[in-house]
Amino acid sequence: MSVLPLPETQAPWPARDALRITAVRPIVTAPEGVPLVVVRVDTSEPGLYGLGCATFTQRFHAVAAAVEQHVGPLLIGRHPADIEDITRMVHFSSYWRGGPVLNSALSGVDQALWDIAGKRAGMPVYELLGGRVRAAADTYLHAGAATVEETIEEAQAILASGYRNVRLQVGAPGLGHYGSPGSPGGYPGSPYPDGWDVQRYLRDTPGLFERARRELGEEPGLMHDVHSRLTVKQAIVLARALEPYRLVFLEDPIAPEFYDRLPEVREGSPVPIAAGEQLSSVTDAVRLVRDGGVDLLRLHVSSVGGLTPARKLVALCELTGVGTAWHSPADVSPVGAAANVALDVTTAAFQIQEGHLYAEAVHEVFPGTISPVNGYLYPNQEPGWGIDLDEDLAAKYPPTAHLHERWAARVRRPDGGIEAP
Ligand SMILES: O=C(O)[C@@H](O)[C@H](O)[C@H](O)CO
Ligand SMILES: [Mg+2]
């Protein structure tokens, strides 16, 4: 990358001091098999750098190239304090803007700049955001097995280890089921025997929750992820069938292509609707909140462009009575997970945080990775995100094609037609 500042991308105001951005680069690493993309922004002050999450695991090469070739050079020579201006400049300068690739790249630099801001101030990012309104973020883990019995057992183990909330998914015939193992050849007489059958899913899912309430009791918070493959009416039928089990939320009932119909789903649903992890447009997220499409907004913070746009959406939620439940499974880096927690503990809109127990290798590559304590995620107390990246170790875990993408490619109905995965 050229180290020469581009005159056009510099601020038209004098910087307060001599600090400057000197380098921007992506680091891709897969310590638990999931390719994670992190951006490192270096400055003219020795030892002062920031890390940001740019993970779009299904298209990680494209994000890395966007950072390396397009976004990074725009930042050289800028003072790292101008986060708002820099991110607007990056966003608008491509003219055709947004989308998950460019927004993930933008998120990487944005979060890295917040990390630098925290390090300069000697404050964790949550203090820069105005300080805490709660001590920690309550979280949930996933239970998902081939049978109802095994799923309940997994849930029991999660609850026994200190969590109060658990997401339940149960397997079904075929390979297209989300969040739990299926079985090949589930529909032997069909054109595509590994297919996924919506009627079977609509029949099985309420049974899982009926059994869960019976065996887990009334106390645990329960949630379920449809993974975006129902019609509006099917979603309402499912939501009504789940009413007796008092879910914390029903997630992604319909595909993002039909989000303008989410208000209908929400209107007809007796359980809270959570959606938004697939959004890569701030404007679309605003519409979702403004038009009554969600009880809980579920951002993948890097796909909307980072902390800067996310905190504005948080404010919108807070001011309009909508909750937040950020996306954070294995395909968010520990830096992104820390950004989630910073938002969680600084807004009254927060409801619940998706949690993931990172493999030991992830903790080694990213010292400071937040671990839940009794099911709560506490923000790090160190300046910035409080998370580092051991690049030598990261290089020992080269990325390969992500399994999620290969799974998604064969989600079809038994008749062979592709489903939104
Ligand atoms: O809510 C969730 O954790 C899932 O929807 C995953 O994010 C999705 O499979 C992509 O990794
Ligand atoms: Mg989901």
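By the naming in an unreviewed UniProt entry, the protein chain is Mannonate dehydratase, taken from Streptosporangium lutulentum.

Caption draft 1: How the structure looks around the pairing of strand β1 (residues 21–29). With 8 bridges joining them, β1 and strand β2 (residues 36–43) adopt antiparallel strand pairing. Its bridge partner being in β2, I21 is matched across the sheet by T43. Where β1 folds back on β2, the antiparallel hairpin that results is connected by 6 residues, among which G33 adopts a positive phi of roughly 90°.

Caption draft 2: Up close: the pattern of salt bridges. Scanning all chains against the criterion turns up 23 salt bridges. Ionic pairing is found between E391 and R25, a salt bridge with its closest N-O pair at 2.8 Å. Placement of E391 in helix α13 (residues 391–394) and of R25 in strand β1 is noted, with a sequence separation of 366 residues between them. For E391, a relative accessible area of 25% gives the class partly exposed. Of the charged contacts in the structure, one is a salt bridge between E84 and K312, with a shortest N-O distance of 2.5 Å. Taken together, the residues E84 in helix α2 (residues 83–93) and K312 in helix α10 (residues 307–320) connect sequence positions 228 residues apart.

Caption draft 3: Summary view of the sheet that holds strand β3 (residues 49–53). Taken together, the 3 strands give an open sheet; going across it, the order is β1-β2-β3, and neighbouring strands pair in antiparallel fashion. Looking at which strands have only one partner, the edges of the open sheet turn out to be β1 and β3. Shown here is a sheet whose adjacent strand axes are inclined to one another by a mean of 20°, direction ignored. Along the sheet face, helix α3 (residues 99–121) touches β1, β2 and β3 and points at about 140° away from the line of β3.

Rules of the game
Residues numbered from 1 in each chain as written. Chains lettered and ligands numbered in written order. Predicted model: local features only at pLDDT ≥ 70, side-chain atom pairs only at ≥ 80, totals over all residues. Heavy atoms only, no water. Pairing = 2+ DSSP bridges. Helix = DSSP H or I, 4+ residues; strand = E, 2+ residues; numbered from the N terminus. Salt bridge = Lys/Arg side-chain N within 4 Å of Asp/Glu carboxyl O. Buried < 20%, exposed > 50% of the residue type's maximum accessible area, 1.4 Å probe, protein only. Axes fitted to C-alpha atoms, helices over the stretch in contact; angles between N-to-C directions. Contact = heavy atoms within 4.5 Å.

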